[in-house]
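# Chains, contacts and geometry: an overview
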Amino acid sequence: MATTNRHLFFTINLLDWHSGHHRPMPWKGERNPYLVWLSEIILQQTRVEQGLPYFERFKAAYPTVTDLANAPEDEAMKLWEGLGYYSRARNLHAAAKHIAHELNGSFPTTYEGIRSLKGIGDYTAAAIASFAYDLPYAVVDGNVYRVLSRFFGMETPIDSTMGKKEFAVLAQGLLEIGNWGIGGETIPQFPISPIPNFSPSGFNQAIMDFGATHCTPATPKCPTCPMQEHCVAFLEKKTGELPVKTKKLVRRQRIFNYLIINRLREVFIKKRTEKDIWQNLYDFPLIETEALHDDRQFLTKNKTCEAWLGESGWQLLRVSPPQRQELTHQRIVATFWELGVGADFLPKEENWVAVERRKLSNFAFPKVIDLYFQQKFLPLELF
Ligand code: SF4
């Protein structure tokens with residue numbers, strides 16, 4: 001099958017499939033660039049069921065980009081709490097401020113303008129440009145990589161520079177095929193668009209929906225697939241091998257010992273300002289160690305603990321079982337050491353803030369701390 005015919009077959013059959021398989025989503029058909037942006041940032045690396053309530057909450061709290069820009073960052077982070085990848089929330093807030101203050105509240109209307117915003121990469125820029133303005137930019141996300149690598153039998157690793165380039169060019173070419181009448185370059189054998197009423201947003205939505213619901217990672221629905229006849233992976237029995245990735249994910253394990261220092265009704269928390277995971281979230285005084293500890297000896301012998309608590313006459317109240325949180329590149333194993341100190345205890349560290357325990361829910365914490373709260377290891381009724 002000639003290259004152009006294969007491309008045309010793909011685009012026509014994809015759109016045909018999509019006409020009968022729309023996935024209803026609250027943000028579908030949305031043309032407001034701010035809301036498209038919000039949904040795309042929230043949904044990156046997040047399951048739809050998990051992201052949906054966050055999208056609704058953000059939309060209700062900040063109906064416009066200016067509302068988001070005017071919100072304190074702590075408030076936006078609190079709303080984001082539990083979604084992970086907190087740099088996305090920080091970038092979202094920073095870009096909203098830029099739009100509100102530098103661009104007079106007007107969302108950029110070109111691909112380049114959108115791409116220049118903080119936290120927006122090629123994928124998100126193409127998604128906003130196409131969904132909000134119907135500009136002809138093809139999206140390439142995990143679903144698109146999978147569908148294209150299988151149908152076209154592409155074995156270039158999708159996490160390589162070369163792979164990223166090849167897949168982006170292919171996706172754009174497929175979109176261009178349908179984009180004839182609205183600015184695409186013409187191919188001699190198709191002087192007019194082979195697909196009437198084509199829209200870039202419809203194409204992008206179709207390929208992402210197809211990957212998410214039909215050409216799925218583990219069990220693609222090949223027997224009922226309209227692409228089957230010319231799909232290389234199906235014909236060569238390679239669906240399990242495509243797409244190809246080079247890098248294996250290696251997770252670094254980190255052991256966190258959190259000190260929950262109870263002073264009457266208060267505990268001490270701190271904002272994470274250092275360049276590390278969970279920047280701008282809150283946590284407790286933290287001692288990071290190489291190994292896991294669960295005995296009192298650890299605290300009495302630890303130099304940092306000694307410097308922090310000194311002769312204050314602290315008491316160990318309880319030690320939690322280790323809690324785990326998996327991040328993309330790190331595994332966090334956290335133990336929570338609950339201590340009691342006297343009413344006259346004064347913290348040695350300037351950035352520790354004393355907060356009444358009942359007010360802890362006003363702050364955004366990492367998931368591992370939320371897990372700890374949920375399991376009620378924190379002795380709220382002790383005093
Ligand atoms: S035939 Fe199977 S592998 Fe090929 S595109 Fe269809 S669902 Fe995906």
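Residues numbered from 1 in each chain as written. Predicted model: local features only at pLDDT ≥ 70, side-chain atom pairs only at ≥ 80, totals over all residues.

## A closer look at the overall build of the protein
Looking only at helices and strands, the protein has 15 helices and 8 strands in total. In terms of overall dimensions, the protein has a C-alpha envelope of 85 × 50 × 30 Å along the principal axes. For the protein, with 383 residues in total, the buried portion stands at 35%. Here the analysis covers contacts within the protein between residues at least 6 apart in sequence; of these, 69% occur between residues at least 24 apart. (Helix = DSSP H or I, 4+ residues; strand = E, 2+ residues; numbered from the N terminus. Buried ≥ 20, exposed ≤ 12 C-beta atoms within 10 Å, placed from the backbone. Contact = placed C-beta atoms within 7 Å.)

## Digging into the environment of T66
For T66, the position within the fold is in helix 4 (residues 65-70). Sequence-wise, T66 and A100 are 34 residues apart; in three dimensions their C-alpha atoms are separated by 5.3 Å. Setting aside chain neighbours within four positions, we find T66 in contact with A100 and G105.

## Focus on the site of the ligand
Neighbouring the ligand are 14 residues; C215, P220, C222, C225 and C231 lie closest to it. Of all elements in the fold, only helix 9 (142-152) and helix 12 (232-235) reach the threshold of two or more residues within the shell around the ligand. Across the shell around the ligand, the residue classes tally to 9 nonpolar, 3 polar and 2 charged. (Near = placed C-beta within 6 Å. Nonpolar A, V, L, I, M, F, W, Y, C, P; charged D, E, K, R; others polar.)

## Here we look at the domain arrangement of the protein
If you check the domain split of the protein, you get domain 1 (3-235) and domain 2 (252-374). Relative to domain 2, the C-alpha centre of domain 1 lies at a distance of 40 Å. Elements that contribute at least two residues to the side of domain 1 that touches domain 2 include exactly helix 5 (73-80) and helix 6 (86-102). With 4 residues, helix 5 is the largest single contributor of residues to the side of domain 1 that touches domain 2. Of the residues that constitute the side of domain 1 that touches domain 2, the class distribution is 2 nonpolar, 2 polar and 5 charged. (Domains from an automatic or database assignment.)

## Details of the packing of helix 5 against helix 6
Two elements in contact, helix 5 and helix 6, have axes whose closest approach is 10 Å; the angle formed by their N-to-C orientations is 140 degrees. For the element pair helix 5 / helix 6, the angle class is oblique. Like other packed secondary-structure pairs, helix 5 and helix 6 cross with a definite hand, here right-handed. Within the contact between the two elements, helix 5 uses E73, A76, M77 and W80 and helix 6 uses Y86, A89 and H93. The residue inventory of the contact of helix 5 with helix 6, partitioned by class, reads 5 nonpolar, 1 polar and 1 charged. (Axes fitted to C-alpha atoms, helices over the stretch in contact; angles between N-to-C directions. Parallel < 35°, antiparallel > 145°, perpendicular 65-115°, else oblique. Left-handed = near helix turned anticlockwise from the far one by under 90°.)

## A few points about the environment of Q172
Relative to the elements of secondary structure, Q172 occurs in helix 10 (residues 161-178). Q172 gets classed as partly exposed once you count the C-beta atoms within 10 Å, which come to 17. Residues Q172 and A291, 119 residues apart in the sequence, show an inter-C-alpha distance of 50 Å.

## Description of helix 11 (residues 200-213)
The end-to-end C-alpha distance of helix 11 is 20 Å, a good match for the 20 Å that 14 residues give at a rise of 1.5 Å each. The buried fraction of helix 11 is high, at 10 of 14 residues. (Expected span 1.5 Å × (residues − 1).)

## Observations concerning the nonpolar core
Residues I128, V144, L148, A171 and I260 are the most contacted members of the largest nonpolar core, which totals 95 residues. Mapped onto the domain boundaries, this core takes at least three residues apiece from domain 1 (3-235) and domain 2 (252-374). Setting aside chain neighbours within four positions, we find V144 in contact with V139, A171, I207, M208 and G211. (Core = buried A, V, L, I, M, F, W, Y, C linked by C-beta atoms within 7 Å.)

## Digging into the packing of helix 2 (residues 33-43) against helix 3 (residues 48-61)
Taken N-terminus to C-terminus, the directions of helix 2 and helix 3 make an angle of 140 degrees; their axes are 9 Å apart at the nearest point. Pair helix 2 / helix 3 crosses with right-handed handedness. Between helix 2, through L35, L38, S39, I42 and L43, and helix 3, the contact on the second element is made entirely by V48, G51, Y54, F55, F58 and K59. Looking at the contact of helix 2 with helix 3 residue by residue, the classes come out as 8 nonpolar, 2 polar and 1 charged.

## Here's the deal with helix 8 (residues 122-133)
Counted at 1.5 Å a residue, the expected span for helix 8 with its 12 residues is 16 Å, and the 16 Å between its end C-alpha atoms agrees. The buried count for helix 8 comes to 10 of 12 residues, which makes it a mostly enclosed element. Among all positions of helix 8, only T124, A125, A126, A127, I128, A129, S130, F131, A132 and Y133 are buried. Along its buried surface, helix 8 packs onto helix 2, helix 7 (111-115) and helix 11. At the exit of helix 8 stands D134, carrying a positive phi of roughly 55 degrees.

## Remarks on the environment of E306
Along the chain, the position of E306 falls in helix 14 (residues 303-309). In this structure E306 comes out as exposed when scored by C-beta crowding, with 12 C-beta atoms within 10 Å. Spatially, the C-alpha atoms of E306 and D16 are 69 Å apart, while their sequence positions differ by 290 residues.

## Things to note about unusual backbone geometry
Looking along the chain, the bond that leaves L242 and enters P243 is cis, with omega of 0 degrees. Within the secondary structure, P243 sits in the loop between helix 12 and strand 1 (252-263). The phi dihedral of Y85 is positive, around 45 degrees, even though this residue is not glycine. Relative to the helices and strands, Y85 is located in the loop between helix 5 and helix 6. On the basis of neighbour count, Y85 is assigned to the partly exposed category, with 15 C-beta atoms found within 10 Å. Even without being glycine, D134 reaches a positive phi, approximately 55 degrees. Tracing the chain through its elements places D134 in the loop between helix 8 and helix 9. Exposure remark for D134: the 15 C-beta atoms within 10 Å place this residue in the partly exposed category.

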